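Each chain, letter by letter, is given below.
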Amino acid sequence: MALSFPVTPAAHPRSDSERAQILVNPGFGTNFTDHMLVATWTDGQGWNDGKVVEYGPITLMPSAAVLHYAQEIFEGLKAYRHEDGSVWSFRPEANAQRLNRSATRLALPQLPEEDFIGSLRALVEVDQAWVPGFGEGEKSLYLRPFMYASEAFLGVRPAKTVTYSVIASPAGAYFSGGLKPVTLWLSTRYARAGAGGTGAAKCGGNYASSLAGQLEGMEHGCDQVVFLDSSTQTYIEELGGMNLFFVMKDGRILTPQLTGSILEGVTRASILELSKELGLDPREESIEIEQWKDGVRSGEIVEIFACGTAAVVTPVGELRWDGGSAPSTAGENGGEVTNSIRERLLDIQYGRAEDAHGWMTRLV
Ligand code: COI
């Protein structure tokens, strides 16, 4: 039977004016709505005790397995306000399926797709006033479902008590510079993930392992880091929080093929579809880092962009590494193809274009 999520209304919700003030300039990931959703899984009982309660601190024993062994996964997706006031999400079933693939890899329980989508609906319904208005630029309500080993136990084995939760955060552009191209640091010292590891899973550990590289990049004036395959340091993988695309002079649009150590981005998969409709020739291939360096110099690569739920489509500028750099192809605000893919995606998400693929699901 599907989980239900009875609501206990927040005792101290923000006032209309406090909320309106936050929604003027929400930033990313710093403000949260008045409620959160929680459900518990126990070995034997399965999923139970679903509920929506006031957003606030959670109680965990210091021995909770997640704090020691990082048995945790998450998802990221957005709720968009359409012109008629309704609220929609983009391909939530793809997130539900990826959550379950991540759960398999991290030895966490499966969450039925209907409960995943039901959980988004339940939280967005109660906090719908937090979804920014239609036509207010690139604003949305970012939804963060996550699942973690909450059992208080220090033995190394899959937890027998697990918590699933959803929190929601009004969001503007992920990068404060807007469409300004991001400068990337090529990490040759650190890898994000390795063969047989957890790279394809959306688990906190992958993001933790990207941070030393991110720090190194920041020390060199870069915004984000590019990771290569850990075995040969030859092939481009991803940025850690975003996938990469290369627009070629001859109309091909290339993205690194999925190897098991690259995150299977929902935005990535959608761009592979949309680019065909824009007359491009999408390919998933192994791409060597030398192809990047040579391609921007020879003019074979005309645009490079990064993509993800949070950052949508973001132009990539210069690439730097220890002892060198490859120039930007992006101009001031990204190239023509980058921007047309970005607009096409946003038009579908905000209901400004026909949803020919059936990608949108109404939440409220
Ligand atoms: C997303 O794009 O939703 C991500 O997960 C990237 C980052 C904010 C963790």
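Cut-off values and rules
Residues numbered from 1 in each chain as written. Predicted model: local features only at pLDDT ≥ 70, side-chain atom pairs only at ≥ 80, totals over all residues. Heavy atoms only, no water. Axes fitted to C-alpha atoms, helices over the stretch in contact; angles between N-to-C directions. Helix = DSSP H or I, 4+ residues; strand = E, 2+ residues; numbered from the N terminus. Parallel < 35°, antiparallel > 145°, perpendicular 65-115°, else oblique. Contact = heavy atoms within 4.5 Å. Nonpolar A, V, L, I, M, F, W, Y, C, P; charged D, E, K, R; others polar. Near = heavy atom within 4 Å. Polar contact = N/O pair within 3.5 Å; in protein donor to acceptor, adjacent residues only side chain to side chain. Areas by Shrake-Rupley, 256 points an atom, 1.4 Å probe, with all protein chains shown as cover. Domains from an automatic or database assignment. Phe/Tyr/Trp six-rings, centres within 6.5 Å; stacked < 30°, edge-to-face > 60°. Buried < 20%, exposed > 50% of the residue type's maximum accessible area, 1.4 Å probe, protein only. Buried area = accessible area lost by both parts, 1.4 Å probe. Salt bridge = Lys/Arg side-chain N within 4 Å of Asp/Glu carboxyl O.

1. Some points on the packing of helix α6 (residues 266-277) against helix α8 (residues 336-349)
Logical step 1: Across the interface, α6 lies against α8 with an axial gap of 10 Å and an inter-helix angle of 110 degrees. Taken together, the axes of α6 and α8 lie roughly perpendicular to each other. Contacts between α6 and α8 involve T267, S270, I271, L274, S275 and E277 from the first element and I341, R344, L345 and I348 from the second.
Logical step 2: Partitioned by chemical class, the residues of the contact of α6 with α8 number five nonpolar, three polar and two charged.

2. Points about the site of the ligand
Logical step 1: By nearness alone, every residue bordering the ligand is listed as F74, G76, Y142, R144, Y174, K202, Y207, G241, G308, T309 and A310.
Logical step 2: A310 places a main-chain nitrogen or oxygen 2.8 Å from an oxygen atom of the ligand.
Logical step 3: For the ligand, the protein covers 89% of the area, taking 280 Å² as the surface of the free molecule.
Logical step 4: Within the shell around the ligand, the residues separate by chemical class into five nonpolar, four polar and two charged.
Logical step 5: Residues lining the shell around the ligand come from more than one domain, with at least three contributed by each of domain 1 (16-171) and domain 2 (182-349).

3. Comments concerning the packing of aromatic side chains
Logical step 1: In the structure shown here, the tally under the stated rule is 11 aromatic pairs.
Logical step 2: Centroid distance F28 to Y174: 4.8 Å. Interplanar angle 80 degrees. Geometry classified as edge-to-face. Remark: Y174 occurs in the loop between β7 (161-171) and β8 (182-187) and F28 occurs in the loop between α1 (16-24) and β1 (35-42); sequence separation between them is 146 residues.
Logical step 3: Classification of F28 by relative accessible area gives partly exposed; the value is 24%.
Logical step 4: Residue Y174 is classed as partly exposed on the basis of its relative accessible area, which comes to 35%.
Logical step 5: Here a set of aromatic residues connected by ring pairs shows up, and it is made of F28, Y142, Y174 and F175.

4. Structural notes on the domain arrangement of the protein chain
Logical step 1: Domain parsing of the protein chain yields domain 1 (16-171) and domain 2 (182-349).
Logical step 2: The gap between the C-alpha centroids of domain 1 and domain 2 is 26 Å.
Logical step 3: Opposite the 21 residues of domain 1 that make contact, domain 2 presents 22 residues.
Logical step 4: Summing the contributions of domain 1 and of domain 2, the shared interface buries around 1,800 Å²; its carbon and sulfur component is 57%.
Logical step 5: For the domain 1 face of the interface with domain 2, the top three residues by lost area are F74, F90 and R98, together amounting to 32%.
Logical step 6: On inspection of domain 1 and its partner domain 2, the count reaches two salt bridges.
Logical step 7: For E138, the salt bridge goes to R342, with nearest N and O atoms at 2.1 Å.
Logical step 8: Between domain 1 and domain 2 we count 13 residue pairs in polar contact (both at pLDDT 80 or more) in total.
Logical step 9: Those elements that place two or more of their residues in the side of domain 1 that touches domain 2 are β3 (72-74), β4 (77-81) and α3 (92-105).

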